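Survey of secondary and tertiary structure
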Number of protein chains: 4
Amino acid sequence: MESPEQINAVAEAVSKTGARILRAGAFKPRTSPYAFQGLGEKGLQLIREAADKFKLFVVSEVMDLSQIEMMGQYVDIFQVGARNMQNYFLLRALGEIQKPVLLKRGMSATIEELLLSAEYILSGGNYNVILCERGIRTFETYLRNTLDIAAIPVIKKLSHLPIVADPSHGTGRRDKVPPMARAAVAAGADGLLIEVHNDPDHALSDGAQSLTPVEFAQLMTEIRIIAPAVGRRIP
Amino acid sequence: MESPEQINAVAEAVSKTGARILRAGAFKPRTSPYAFQGLGEKGLQLIREAADKFKLFVVSEVMDLSQIEMMGQYVDIFQVGARNMQNYFLLRALGEIQKPVLLKRGMSATIEELLLSAEYILSGGNYNVILCERGIRTFETYLRNTLDIAAIPVIKKLSHLPIVADPSHGTGRRDKVPPMARAAVAAGADGLLIEVHNDPDHALSDGAQSLTPVEFAQLMTEIRIIAPAVGRRIP
Amino acid sequence: MESPEQINAVAEAVSKTGARILRAGAFKPRTSPYAFQGLGEKGLQLIREAADKFKLFVVSEVMDLSQIEMMGQYVDIFQVGARNMQNYFLLRALGEIQKPVLLKRGMSATIEELLLSAEYILSGGNYNVILCERGIRTFETYLRNTLDIAAIPVIKKLSHLPIVADPSHGTGRRDKVPPMARAAVAAGADGLLIEVHNDPDHALSDGAQSLTPVEFAQLMTEIRIIAPAVGRRIP
Amino acid sequence: MESPEQINAVAEAVSKTGARILRAGAFKPRTSPYAFQGLGEKGLQLIREAADKFKLFVVSEVMDLSQIEMMGQYVDIFQVGARNMQNYFLLRALGEIQKPVLLKRGMSATIEELLLSAEYILSGGNYNVILCERGIRTFETYLRNTLDIAAIPVIKKLSHLPIVADPSHGTGRRDKVPPMARAAVAAGADGLLIEVHNDPDHALSDGAQSLTPVEFAQLMTEIRIIAPAVGRRIP
């Protein structure tokens, strides 16, 4: 998210074609300290307003336990990023609140390690954990990551927790998002995180992997066809 | 394949639910020299007879260029296994025949290397090459390999060659084959290689990853639902 | 570290054969929330006393920025563990103090990402950063990790920061520590982290990878032979 | 090897500073069919002459079993390249001769798989197998491969077969060859394969990873210092 206009335009477009939750990065974890770091609390206020306007839930990434209280005023779901999957202080702190936590798999975390990280939250008494497959690091570098689609049925068998997929970060390339989103649903995913930007070519970050609202609507149509093959129905 | 009865039973069952090609390993490339090595030429004769009876094509793995002539009497499609993806003598020899070649991606081959190996066959004048994604080796060891579903849309973009997926070898676990087969189709695969065995629990090799004919029929039903989402129709 | 007797015995033994710094885990980052989690602040006091007695420096792992002030009373060097290599809040906080930071490479972090994480500390004004190669995650699972010895000469070329190696965590197996420690020195490492335990078979954690004091002394003898090949001398 | 003058210059230079075996690629396995493919049998004759002149043994890569007889006239040791580590027809054929075989680890082969491939040769009755660690494929792409130094002590423990290292292919960069060669010796390697070229900047292939004869001599001096740390002496 970059500006009130941008966030509103996207929220309106995606809510019309079936999205239920708005994710927006108020704080951006960046590999380099010199890259764009997000809008901060002001950003969260804007997200909250846009979400309320279009009856969406808000999910946003928490990077340190010191942010939990402030962020709790604005977000419905806390996201723990891949880089923090084994930040046990943060996980324990999130075990003591009652809001849902979206826990992303670390870039080189095994499925077992992801489940054990979830255990840090669950063992504190917060049972609202959503797991997220977002791509692992392998020797194949044509795309940014290798989206481990097989992790979806594996987790469905090992755990009662819901598992969603993030094909935007998992591929890093706009034209690869729809096929991988369809694959995730066909493999049994409980949800998808899809980056949408009303003007991806001018996005401040992650533009290369964002769909336009029109592309997103087309993807939703395809997913509605696939869903019955796994015993689901998308309204 | 293990016996005439076994191959006939499987051929009949799969042909009824939509399979078009019969794959059977007459020669098995085994990591250890002390494991079951396949039935050899006698096996190929049995496959050919079973295939003719149920109007199926035959694909079987060639492991050395010295086998090409003999195998050519029985098979319609030559398979090059993952371990031989960069056996350039074999690839060049297959470039000089006219039968189709199913080229499996090496366990740690990049997409680019797979395409360059195909080039060894194409540059000899044999343009009938089918690529196969069969799982890559990563740090995740819960399943035997990580089926790189994203390789499917990547190859669809980079090459005109058809790309199929092998979820049986790509997962090594029977219950993971259907979700990954559905995912491959949803991502745009042109075909699937599925191991089917009429009595998987007593198979001499690969039993743990083989579907029963009933499970295969159920999978075909699901795939028929998914196909229209990628603009295809399965008769 | 587990008890005052144990820490004293180890501190005495290693200081006699050439060690200069004592590392001890007061807080243990464990993959499972149900495993032994360390002795906490009481542990730090014991380490400090043992170190003072044998004129050693103390290094210990900090897991959250809330621990920095308390730990600063006891430790000379803060260690950032592999799981926290991209915990940017922690890195920034460590950039604002003046004590040295030992930054361990993440299990799947590229060399470039390690250097960029160091940049988070350096950009805050703390220039005392020591990098540490401790093994990466690969498909090879015979040992716990693959110690990336080549990262040592690569980092020596790309950065002015010192680089040390941790063959104990990098292999997870006692008998593999000496050969990998020798290899690291031969490749140009500026230091080594070696786990030593006076009774490894009864250690509460990491026993399988700890040398006995006698094995450590033997290793130091071998390293004294190698050092001149890379223009160094160990007193 | 590219020309008689080039091969003679290198053979003379390396034999003076301690090399005992001359490796030269008469046939080059290239990822692309359109790259320089080697000099063939004429190349082998030139290598043999140069080796005889300076009392060196000859090792060269065999790519298909049809080459064994012809190559046997010129080479003392057959090399099996990483791409052919699981070419079982080739391995079996080499089990039936008596010349030593240098078996290189596949780019993504586990240590166990390497030992099982050696078993294909040994089970035929040829016990002269030399294993070679030449780098594995990982997510780290700063260098061409990750030289798995730990494989050396692991193999020393699991097998009686000698294990050598190839830091030239394992790094792909001239300045990284000496540190990794030293590391391999310090870890217990029984030998080294080092690319040397009298004019690396104009080499037709692998120039970027070749040492000059002067750099090679310097490396030998360093290795003579390290050898006693592992109980060896280099004459």
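Now for a description of the structure that goes with this document. (Residues numbered from 1 in each chain as written. Chains lettered and ligands numbered in written order. Predicted model: local features only at pLDDT ≥ 70, side-chain atom pairs only at ≥ 80, totals over all residues.)

Things to note about the overall build of chain A
Summing up its helical and strand segments, chain A has nine helices and seven strands in all. By the compact-globule yardstick of 18 Å for 235 residues, chain A fits well, its C-alpha radius of gyration being 17 Å. The 235 residues of chain A split such that 54% are buried. (Helix = DSSP H or I, 4+ residues; strand = E, 2+ residues; numbered from the N terminus. Rg over C-alpha atoms; globule rule 2.2 N^0.38 Å. Buried ≥ 20, exposed ≤ 12 C-beta atoms within 10 Å, placed from the backbone.)

Notes on the interface of chain A and chain C
Opposite the 20 residues of chain A that make contact, chain C presents 20 residues. Every element with two or more residues in the side of chain A that touches chain C is listed here: α4 (88-95) and α5 (111-122) of chain A. In terms of residue count, the dominant contributor to the side of chain A that touches chain C is α5(A) (four residues). Looking at the side of chain A that touches chain C, its residues break down into eight nonpolar, seven polar and five charged. (Contact = placed C-beta atoms within 7 Å. Nonpolar A, V, L, I, M, F, W, Y, C, P; charged D, E, K, R; others polar.)

A look at the sheet that holds strand β4 (residues 101-104) of chain C
Residue and element names in this part refer to chain C. Here seven strands make up an open sheet; going across it, the order is β1-β2-β3-β4-β5-β6-β7 and the pairing parallel. Two strands close off the open sheet at either side, each with one partner strand: β1 (21-23) and β7 (191-192). With two bridges joining them, strand β6 (residues 163-165) and β7 adopt parallel strand pairing. Counted as the bridge partner of V164 is G191 from β7. (Pairing = 2+ DSSP bridges.)

A few points about the pairing of strand β2 (residues 57-61) of chain A
The side chains of a regular strand alternate between both faces of the sheet. All names here are of chain A. When you tally the buried positions in β2, you get four out of five residues, the bulk of the element. The pairing of strand β1 (residues 21-23) with β2 spans three bridges and is classified as parallel. From the neighbouring strand, R23 faces β2, where its bridge partner is V59. Across three bridges, β2 lies against strand β3 (residues 77-80) in parallel orientation. Following the sheet pairing, E61 is matched in β3 by Q79.

Topic: the relation of the copies chain A and chain C
Expressed as a screw transformation, the operator carrying chain A onto chain C has a rotation angle of 180° and an axial translation of 0.0 Å, and the superposed copies differ by an RMSD of 0.0 Å. What we have between these two chains is a two-fold relation. Among all C-alpha atoms of chain A, that of A:S108 lies closest to the rotation axis, at 2.9 Å. Of all interface residues in chain A, 100% are interface residues in chain C too; the two copies therefore contact each other through one and the same surface. (Least-squares fit on C-alpha atoms with pLDDT ≥ 70 in both.)

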